[in-house]
Structure formats: structure tokens, C-alpha cells
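Working through the structure, step by step
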Amino acid sequence: MAAGFLYSVAAAAAAAEEKAPEPLPAAASAPTVVDVDKGKEKEKEKEKEEEGEPEILSRVYDATVIGEPQAVGKDKRRVWEKLMGARVVYLGEAEMVPDRDDRVLELEIVKNLRNRCLEQQKTLSVALEAFPIDLQQQLDQFMDGRIDGGSLRSYTFHWPSERWQEYEPLLNYCRDNGVKLVACGTPLKVLRTVQAEGIQGLSKEERKLYAPPAGSGFISGFTSISGRSLIDRISSNPSVLFGPSSYLSAQARVVDEYNMSQSIMKSVSDGSSAGMLVVITGASHVIYGSRGTGIPARISKKLQKKNQAIILLDPERQQIRREGEVPIADFLWYSAAKPCSRNCFDRAEIARVMNAAGRRREALPQDLQTGLDLGIVSPEILQNFFDLEKYPLVSELIHRFQGFRERLLADPKFLHRLAIEEAISITTTLLAQYERRKGRFLEEIDYVLTDTIRGSVVDFFTVWLPAPTLSFLTYADDSSSLESFELLKGLLGSIPDNAFQKSIVGKDWNLIQRFASVIVGGLKLAGVGFISSIGAGIASDVLYFVRGTLKPALTVNSRRKRSPIFKSAIVYGCFLGTSANLRYQIIAGIVEHRLSDYLLSYNSGLLLVNALSFTVRTINSYWGTQQWVDLARFTGLQTHNKEAVPDQVVDTPDIPLLECSSKKVNEVDESNNQSGDAPT
């Protein structure tokens, strides 16, 4: 807005000066305020350009970190420092399907590096694989202005028409700004001969010029990151005689990389010690850097690893680096034209999954659409969603309820875990109730149902809250939310629902965040325990009043004594927030999330997973009951058998809040060990 205003003022002033018949000499020589402001604007623009601000909003990811590539953000100083410390910077572009966005990024990076080289008084050269080394003379003539772009284009007759249009801005920029152009590609005739007949098809003179000498390590004995030579790995597949995986193509690749490496080393040696060379070549020639099988590895003996930097331009898929693995590159550089703003998974694979399912993007839930736009939904996640849709009940749940969708995407067996926990809870509760009431079971069925439903609800939340989730809503910008909730929303969105959950795309939780998830999960379960106990107390009072109204004789014959509602609620809430929370965090995170993934790799993995889940949850239910009984006795909510008064009813959150028959009191404590974490 300021620039536009100053421009309009300057235009008006210029128009006024043109209309003035006789401007004053002094006024003509004195700088006006507008001129000063315009000068400041130009200085700011120049400073901005010198600082290396990119003209387009590209995105950079650090590929050297463990896990998924880490977004660098708008402040790219660390990236430029790394690049400026290198002698050779490789820009790996797409090969099989050329991407014109790569050329935009190449021009952007070269402009920024050129500005920084001027500040540090370094020379900058650009080596292009697209130009074979026998066109170096024509490139020099183009740089000197002896031939124009049209004449240079005539030497690239084998290029597609659009390819010259993509490279032309970069070539013109280098010529206009004194950036030397270096041809480092293999001559087309030599490359085609090797692809058809192998190195033996070259003449003696051609082999001397373009083929690596015997014993140089380029053809045999060159160890890759997998411990086998490139030729051995490719030639070990005899099913393909020609094509990208054939032995002849491998020889052509070796010849191509040999010529490029020779040109690169020659340019580095001929230039000053402080000079920089930008190499624009195919991504397959530079991946894995000095630890791979490409150009950086082949010249690593002459040029140290720290003097080489590798950038992959618009890679179609980002690899998740595990500990001990070699990083595929130093940085992944994405154009602003790409639709994703975070990790770009294979868009072609996502399209294939969508087409196979016969679904359109608009029919997906809003959070999945947001995840696809941001590039954080992998093809595997999308396939899991379509697999879940095959079951009518599950399909209804994942479409109607966000919580079920988040949990089922993270763990497709979540409903199995929930069913196992509820089956254990309901079975043990009914057995315990029948043991206590014997012949009065049907007569007091209202109390039985109240305790059973209450226990089922509590057990539902003990499975629901600690379960791992996969949510994409935390990435969306909800501007309609109240500002007072933004901080809380951001806090909860930054921690996992389970402390032991595996890191997901865009989320790399540290130890503090995982510890915070235990605290937050404990507070949630404590709230569930407190509210359920209060609700159970209210339900007990209502049932007691109804029974007293319908059958007054029962209330006269029975003496009712119960523990305080709020004390019971507080104790039970603390129990769920500490003991139950930790136990269910471990079960959901370690046993059913991490260990189950390992067991699923076996033939009978699904059966093993379900059996393991049932066994662990049964043991956990019994152990939790023992802990609750000890806590209830310690806090005075439950008395020991020898202290029980025959004509009193002891009410705790773990036993019925109302017992209409006083003669069964002595059996209450003995049956407590059969109930679960939920009050029964």
C-alpha cells in the first residue's frame, strides 16, 4: 500500500512537472520528498534482494533429521549458511517426467546464491547436464554475446520445444549477471552408443575421452550404501535385458556420471578456491550424497563431504529417515506451485487409491480433505479409510463422529479393544451382582442395571481417552474460534492422546509432550470418575426414594448407611486419574499399538493380537479391582470384614450404593474382588 501510494504521488508530481512551462533551476536540482522516498524504497528493495529473499514462497525441508523431513519455515538463513559453506551445490531435478517448476526453483536458488556470492566476493558457476560437454564452446559464445539465444537453441535440436522455454530464463539470467555456464553432460551420440552396445561399442578414441579407465572404480567394485556395487545390483535381475534396469543402461549411467564428475572437478580446479559451482542434474545422480552411488560419492575422495550440498527439487515422495539410515539429501525444496504445504506424499499414488475406490475428494470428510490439501494424508491412511467404509456400522461411525474416525484411522482394531473391555466389564459386574444378591437378583434388577450401565460408561472412557488418534484438525486454521480458546486448543493439539503413540506425519512429540499427555489424560479420567460417582449417588437416592414410595416396608426394615458422595467421588476420580490412567496408557500405547503391529506381521497375527488384548485387559481388570479395594479401605470408604456391622450397608463407588437387604452385607466385601475399575 505504501509503495502504491508513493508511486501515485510520484506519477502526479511527474505530470505536474511536465505541465509546468518553466521550472525553476534550483528546484530542478534539489531532490524532492517524493524522490527521497522513492530512493528509500529502492534501497529497501535492493537490501531485500541482497538478503536473498526468494521471489516466490518456496518451501524447504531438512532431510538430515531423524524421522520425517522437518520444515525450515520462512527463515532460511540456516539453509543459505549450509549452501554458502559448500564448494559444489547439486540441484537434483525430475528425470522421467520433467517438471517445469524445477526450473523456477533453479532460477530462484541461483539468484539467491549469486547475491550472496557478490557479498562474499565469490565467483559462481552453473553446470548443466542438459548441455553436453561438446557444446561448451557455444555456451561461451552465448555468454560473450557473440551468438543469441536463437542460435544456441539450434544446437539443442533434440530437446522438446517446451524444454528450451523452461531453461531460457536461467540461461539469460546467467549471461546478464556474469554467472559462468558449464556444459557437463555426455555427448548424445556417445550416450546412445553405450545404451545400445555398451562401452565396447565406442571407438578407441571415444573410450579414451568419455569412458572411465579400467581400475578406476567406476565400473566394478564401487560400493553403494547397500554394500553391493551398482552394476552387480542391476545386473542381478536377468528378467530385463534392456531398459532402465538393464546392464547396458547401467553402463550408460556410469559413463554419464564419469563425464559429469570430470567436468565438475575441472571447473572446481580451474576456478578460485573460494568459488562455488551449482550443478543442475537428475536427482538419481545425487541422492544419498557421498554415501550413495552418484556423483557426490564418486568425487568424495577429491572433494570432502562438507564441501558438497545436495538439494532435491520437488521430490514426489518424502522418505521417513530411521536411525542409522543415510539421508537422501540435505534439503528438499518445493515450489509454491505445488498444492501441498507440508510433507508431499506421492500424489500419483493417492490418485490411484481414490480411483480404485471410486471416490471423489469432495465426498471425503472435511478433515481428510484438509489433510490432502496440506499433504499430510498418506496413501496408506486413505486406503485404511476406504477399507473401514466397507463395514456399514463402521462406515456410519467414521462419517458421523470425528472421534471414532480419529481413533479408527490410528488403530483399525479400536472397536475390538472397546468390545473386549466392555465384555469383561459387563460380565464381571453381573457375576458380582448375582453373587451379592443371590435370590434377590431379579427383585433388585434396577440396582443391577444402574451399576452395570455406570460401569460400562466408565470403562468406555478408560478405553476411549488413552487411545491413539490421528487428527488433521490441528492443522486447520479455524478463525471462527474464540481467542480465549486458542491457547488451550493449541496446547491440546500439540500433545498426543497416548504417551506411547508413534509419531505421525507432521508430529514429532518429545519427552515433555508425552509426559504432558499423561497428565492431561489423567485429568480427563479423573473428571469422568468424579462425575460418574456423583451421578451414581443421585441415581441411588432416586431409586431409594422410588422404592420407599412403592414399598415403604422395605425402607423400614432396612437401615441405610452410606459413605459421603463427594468423598467417594473425589477418591474414585483420583484413582481413575492415576492408577487407571497409567495402566490404560500402557495397554493402549505399548501392548495394542506398538506390540500389535509387530504381531500382525505373522500369519496368525490377528488372532494373536485379539488374544493378547483379551488376556492383558482381563489381568488389568482384576489388578485394578485389587488396587481399588485397597484404596477404598485405606480412605475409610470400605470396612474390613471383621469390622462390618451386620445391620448396616456399606456404600462405596465399587459396590452398590443402595443395598435393600441387610443380611447380605457380610458378602459385599468378599465379592468386591470380582469387579473392574468401574464402580459396580
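From a predicted model like this one, the values you see are computed outputs, not experimental measurements.

1. Examining the sheet that holds strand β6 (residues 276-282)
- Pairing in this open sheet of 8 strands is mixed, and the strands run β2-β1-β8-β7-β3-β6-β4-β5 from one edge to the other. The open sheet is flanked by β2 (70-71) and β5 (180-185), the only strands paired with a single partner.
- As paired strands, strand β7 (residues 308-313) and strand β8 (residues 331-334) are joined by 3 bridges and run parallel to one another. Paired with Leu313 across the two strands is Trp333, which belongs to β8.
- The strands touched by helix α8 (residues 161-176) within the sheet are β3 (88-93), β4 (124-132), β5 and β6, with β4 carrying the most contacts at an inclination of about 155°.

2. Looking at the pairing of β6
- Taking burial as the measure, the 7 residues of β6 include 7 buried ones, the bulk of the element.
- Here β3 runs beside β6; their pairing, made up of 6 bridges, is parallel. Across the sheet, the residue bridging to Val89 is Val278, located in β6.

3. Some points on unusual backbone geometry
- The backbone phi angle of Gln121 is positive, close to 55°, even though this residue is not glycine.
- Even without glycine at this site, Asp314 takes up a positive phi of about 50°.
- With respect to the secondary-structure elements, Asp314 resides in the loop between β7 and β8.
- For Asp314, a relative accessible area of 7% corresponds to the buried category.

4. Points about a nonpolar patch on the surface
- Taken together, the side chains of Leu442, Ile445, Leu449, Ile453 and Val457 make up a nonpolar region of the molecular surface, amounting to roughly 470 Å² of accessible area.
- One can find Leu449 in helix α20 (residues 445-464).

5. Observations regarding the pattern of salt bridges
- Applying the stated criterion across every chain, the model contains 17 salt bridges.
- Between Glu592 and Arg617 there is a salt bridge whose closest N-O contact spans 2.9 Å. Placement of the pair is Glu592 in helix α24 (residues 565-599) and Arg617 in helix α25 (residues 605-634), with a sequence separation of 25 residues.
- Relative accessible area serves as the criterion here: at 2%, Arg617 is assigned to the buried category.

6. Focus: helix α19 (residues 414-437)
- Compared with the 34 Å implied by 1.5 Å per residue over 24 residues, the 35 Å span of α19 between its first and last C-alpha is a close match.
- Once α19 ends, the next one or two residues include Lys438, with phi positive near 50°.

7. Some thoughts on the confidence of the model for the protein
- Here the protein averages 74 in pLDDT, while 70% of its residues score no lower than 70.
- Confidence over residues 16-38 falls short of pLDDT 50; this stretch has 6 contacts with residues more than four positions distant or in other chains.
- Throughout residues 220-245 the model reports pLDDT below 50, and contacts reaching past four residues in sequence, or to other chains, amount to 39 contacts.

8. Looking at the pairing of β7
- Within β7, 6 of the 6 residues are buried, leaving the element largely enclosed by the surrounding structure.
- Every second residue of β7 is oriented toward a common face, with Gln308, Ile310 and Leu312 on one face and Ala309, Ile311 and Leu313 on the other, all of them buried.
- Relative to β7, β3 runs parallel, the two sharing 5 bridges. Bridging across to β7, Gly92 finds its partner in Leu312.

9. Considering helix α5 (residues 100-119)
- A rise of 1.5 Å per residue sets the reference length of α5, with its 20 residues, at 28 Å; its end C-alpha atoms lie 30 Å apart and thus fit the reference within 8%.
- Most of α5 sits out of view: 16 of its 20 residues are buried.
- A positive backbone phi angle near 55° is found at Gln121, which sits one or two residues after α5.

10. Side note on the packing of helix α9 (residues 188-197) against helix α12 (residues 247-270)
- One way to put it is that α9 packs onto α12 with a least axis distance of 7 Å and a crossing angle of 150°. With respect to α12, the axis of α9 lies roughly antiparallel. Considering only the axes of α9 and α12, their crossing is right-handed. Judged by residue contacts, Val190, Leu191, Val194, Gln195, Ala196 and Glu197 of α9 engage Leu248, Gln251, Ala252, Val255 and Asp256 from α12.
- Broken down by class, the residue content of the contact of α9 with α12 amounts to 7 nonpolar, 2 polar and 2 charged.

11. Quick notes on the environment of Ile512
- Note that Ile512 resides in helix α22 (residues 511-550).
- Between the C-alpha atoms of Ile512 and Ile495, which are 17 residues apart in sequence, the distance is 9.1 Å.

Rules used in this analysis
- Residues numbered from 1 in each chain as written.
- Predicted model: local features only at pLDDT ≥ 70, side-chain atom pairs only at ≥ 80, totals over all residues.
- Heavy atoms only, no water.
- Pairing = 2+ DSSP bridges.
- Helix = DSSP H or I, 4+ residues; strand = E, 2+ residues; numbered from the N terminus.
- Contact = heavy atoms within 4.5 Å.
- Axes fitted to C-alpha atoms, helices over the stretch in contact; angles between N-to-C directions.
- Buried < 20%, exposed > 50% of the residue type's maximum accessible area, 1.4 Å probe, protein only.
- Patch = residues over 30% accessible without salt bridge, like charges linked within 9 Å, V, L, I, M, F, W, Y side chains within 5 Å.
- Areas by Shrake-Rupley, 256 points an atom, 1.4 Å probe, with all protein chains shown as cover.
- Salt bridge = Lys/Arg side-chain N within 4 Å of Asp/Glu carboxyl O.
- Expected span 1.5 Å × (residues − 1).
- pLDDT = per-residue confidence, 0-100.
- Parallel < 35°, antiparallel > 145°, perpendicular 65-115°, else oblique.
- Left-handed = near helix turned anticlockwise from the far one by under 90°.
- Nonpolar A, V, L, I, M, F, W, Y, C, P; charged D, E, K, R; others polar.

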